[in-house]
Amino acid sequence: MAYLSIETGIRKGSEHPLGATPVSLGREPECEICVPDRMASRKHVQLTPEGDRWVAQDLQSRNGTLLNNMPLTRATLADGDELLVGTTVVRFHAQGKPTSGPIALTEAQRARGHRDTVAAPSGIMATRPAPDGPKRS
């Protein structure tokens, strides 16, 4: 069974099993995996099962998604791959079972709203490539 582990931020140590349906990650509480991080988009990235593999696709997030420190558009995930969602590091595990479960937001965090919750910076900045256009001299 594949699963995700969150390695930085408020939900550090949280693990999420992946089933047979697509999973979205973002700061929106309605996402299957909420990443309470101001640098994450409401709906940031989606993971979709395709046969026996998982595919990650950036959902046109404002700050982009990094896969192993490279900008992600769409890619098949391998065991141990690292996704950067805002400033939150999420690791993909192709095999095994989570040893812990999801870590829920406290009532105080939920009352403040996800926009006030920020993950600890990982030291990696997510950037999008510059759009094509006129070159400046």
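The shown structure was predicted, so the numbers you read here are calculated from the model rather than taken from an experiment. (Residues numbered from 1 in each chain as written. Predicted model: local features only at pLDDT ≥ 70, side-chain atom pairs only at ≥ 80, totals over all residues. Heavy atoms only, no water.)

Caption draft 1: Layout of the sheet that holds strand β3 (residues 23-26). Across the sheet, five strands lie side by side as β4-β3-β5-β6-β9; this open sheet has mixed pairing. Looking at strand neighbours, the two that pair on one side only are β4 (33-34) and β9 (74-76), the edges of this open sheet. (Pairing = 2+ DSSP bridges. Helix = DSSP H or I, 4+ residues; strand = E, 2+ residues; numbered from the N terminus.)

Caption draft 2: Main features of the sheet that holds strand β11 (residues 88-93). Read across the sheet, six strands follow the order β2-β1-β11-β10-β7-β8 without closing on themselves; strand pairing throughout is antiparallel. For this open sheet the edge positions go to β2 (15-17) and β8 (70-71), each flanked by a neighbour on one side alone.

Caption draft 3: How the structure looks around the pairing of strand β5 (residues 45-50). Note: β3 against β5, three bridges, orientation antiparallel. Following the sheet pairing, S24 is matched in β5 by Q46. Bridge count between β5 and strand β6 (residues 53-58): six bridges; the pairing is antiparallel. Residue pairing in the sheet places T48 in a bridge with V55 of β6.

Caption draft 4: Main features of the confidence of the model for the protein. Across the protein, the average pLDDT comes to 82, with 75% of residues at or above 70. For residues 110-131, every residue scores under 50 in pLDDT, and the model assigns this stretch 48 contacts once sequence neighbours within four places are set aside. Contacts of residues 133-137 to residues separated by more than four positions or lying in other chains number zero contacts, the stretch itself having pLDDT below 50. (pLDDT = per-residue confidence, 0-100. Contact = heavy atoms within 4.5 Å.)

Caption draft 5: Structural context of the pattern of salt bridges. Here the structure, examined in full by the defined rule, presents five salt bridges. Taking the shortest distance from any N to any O, the salt bridge between E50 and R74 comes out at 2.7 Å. Of this pair, E50 sits in strand β5 while R74 sits in strand β9, placing them 24 residues apart in sequence. Counted as one network, the salt bridges with shared partners bring together E7, E82 and R91. (Salt bridge = Lys/Arg side-chain N within 4 Å of Asp/Glu carboxyl O.)

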